[in-house]
Amino acid sequence: MKRRANTSEASSSHLPAKKRRSGSNHGAATRLIWQDSPRGLSADWVYSNNSNVHICNDRRWFTEFTPFKSVTSSGAVEGVGTVSLPVKRDPDMRGPQAHHLLRLTNVLYTPSSDINILGEPLFEIASRLTLRSTPKSRGTLVGEDGNPIAFFSPNAPLYCLRLSGPPVGPRLARTKLEPNGIYAMPVGWDDSERARWNRRGQPDEAEIRPRQWAGQQPYTAKEKAWLKEHYQGEYKFLMSYGLSIYDEEDREEGRAIMRAMVSPDEDDDEDEEDKETEEDEDDEEEEEDEDDDFADYLFDEKELAWIKKHFQNSETFLSSHDLKFYDEEDWPDAKRLIKILMSDDE
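All of these numbers come straight from a predicted model, not from anything done at the bench. (Residues numbered from 1 in each chain as written. Predicted model: local features only at pLDDT ≥ 70, side-chain atom pairs only at ≥ 80, totals over all residues. Heavy atoms only, no water.)

**Student:** Is there a simple way to think about the pairing of strand β8 (residues 99-109) in this case?
**Tutor:** Each regular strand carries side chains that alternate between the two faces of the sheet. The element β8 is largely enclosed, with a buried count of eight among its eleven residues. Note that strand β5 (residues 55-56) and β8 share two bridges and pair parallel. Across the sheet, Ile55 pairs through a bridge with Leu108, a residue of β8. In this sheet, β8 lies alongside strand β7 (residues 75-88) in antiparallel orientation, the contact comprising nine bridges. Bridge pairing in β8 links Ser84 to Arg103. (Buried < 20%, exposed > 50% of the residue type's maximum accessible area, 1.4 Å probe, protein only. Helix = DSSP H or I, 4+ residues; strand = E, 2+ residues; numbered from the N terminus. Pairing = 2+ DSSP bridges.)

Set out below in structure tokens:
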């Protein structure tokens, strides 16, 4: 939104202290060389308590810079970087200790903006902000040690930092703030764009995701239908390759074998000319029943009738109880089990 210069964003004179998350302050002893030019660097650094990001309209302020295309509510972004601002600590301080260096990180380069914005990340380097107008200041930034690290100029129509000019800081351009001017405030940077910046240079998820062996994924409905059509199910398919349905490693190997045999594009839907007559389907069902009943010899007629009622066929009965028709050691257990189950029904 556009904001008139004589309108304050802050509704209270004191903002509560916020926990410092990251960033650092450097004393005036730190020497930096800014790009100098006759027109000077943009001088208007305005605090906006409703902005979630810093923006800068002058590329020369950046001590570190990465080209990055993005957008904010105030315009297009051409890069992100670090800005070091030389500021005066307090209007009454004199000498070298009267100056300080604010190091702002993740500042968006937005050349279309009329002014530079100091947003909520300012509390990464300041523990407290006091907004109170006096003849010498409109407010103060306080460090973790309780000492002032910057203040806002008393003559600016907005909360504008008092910067240090030469010889401590760079040559500064004249202010662009007008008493009744209208400026784009606050500034918002969408969380999705911030996340995209934080992910820069990282490989795509598909590149870093561990490759899975073909047998690790469970069967799809289409694959189960294929097994049923060609092998009457997974159990017999595994048996044909000497694998056991009771061993998970064998099952994984079976899935890998099956997927190597079947094209992923194979269509399970039958064409009309491939559909069988009802008589052929009945014959197949009879053959399937015969295949499923090859363990019948283990049981008598009464036991088979009970099994058919509750489990459809003898193979299903055995596999449901972790028994194998081809393992002679399981036969006595199968006989004892059927007698127990039948006696429970009586």
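**Student:** When you look at the pairing of strand β12 (residues 148-151) in this model, what are you seeing that I'm missing?
**Tutor:** Where strand β11 (residues 140-142) lies against β12, three bridges are found, and the strand directions are antiparallel. Each bridged residue has a counterpart across the sheet, and for Val142 the counterpart in β12 is Pro148. The antiparallel pairing of β11 with β12 creates a hairpin that spans five residues between the two strands, and Gly146 there sits at a positive phi of about 85°.

**Student:** It is not clear to me how the pattern of salt bridges should be interpreted in this structure. Could you clarify?
**Tutor:** Side chains bearing opposite charge may pair, as long as their charged atoms lie close to each other. Overall, the coordinates contain ten salt bridges when judged by the stated rule. One salt bridge in this structure joins Glu64 and Arg103, with 3.5 Å as the shortest N-O distance. Taken together, the positions of Glu64 in strand β6 (residues 62-72) and Arg103 in strand β8 put the pair 39 residues apart, joining distant regions of the chain. Residue Glu64 is classed as partly exposed on the basis of its relative accessible area of 43%. With relative accessibility at 24%, the residue Arg103 sits in the partly exposed group. Asp92 is paired through a salt bridge with Lys136; the nearest N and O atoms lie 2.7 Å apart. A residue pair is termed long-range when its members are at least 10 positions apart, and Asp92 in the loop between β7 and β8 and Lys136 in the loop between β10 (128-130) and β11 qualify at 44 residues. In the salt-bridge network here, residues are joined through shared partners; they are Glu303, Lys335 and Lys339. (Salt bridge = Lys/Arg side-chain N within 4 Å of Asp/Glu carboxyl O.)

**Student:** Looking at this structure, how should I read the side chain of Thr82?
**Tutor:** Looking at the secondary structure, you find Thr82 in strand β7. Residues within four places of Thr82 in sequence aside, it is in contact with Trp61, Phe62, Thr63, Glu64, Arg103, Leu104 and Thr105. (Contact = heavy atoms within 4.5 Å.)

**Student:** What should I look at first to understand helix α3 (residues 221-231) in this one?
**Tutor:** In an α-helix, one turn spans 3.6 residues, which is why side chains three or four residues apart end up on the same side. For α3, the complete set of buried residues consists of Glu223, Trp226 and Leu227. Projected down its long axis, α3 carries its buried residues within an arc of 100°, all on one side. Facing away from the buried side of α3 by more than 90 degrees, the exposed set consists of Ala221 and Lys224. Those residues of α3 that are buried lie in contact with α4 (234-240) and α5 (248-261). (Arc of directions from axis to C-beta.)

**Student:** So what exactly am I meant to see when it comes to the nonpolar core here?
**Tutor:** One finds Trp45, Leu85, Leu102, Leu141 and Leu161 to be the most contacted residues of the largest nonpolar core, which totals 27 residues. For this core, the secondary structure elements donating two or more residues are β4 (45-47), β7, β8 and β12. Core analysis: the second largest hydrophobic core is formed by 18 residues, Ile55, Ile117, Val187 and Trp197 among them. (Core = buried A, V, L, I, M, F, W, Y, C linked by side-chain atoms within 4.5 Å.)

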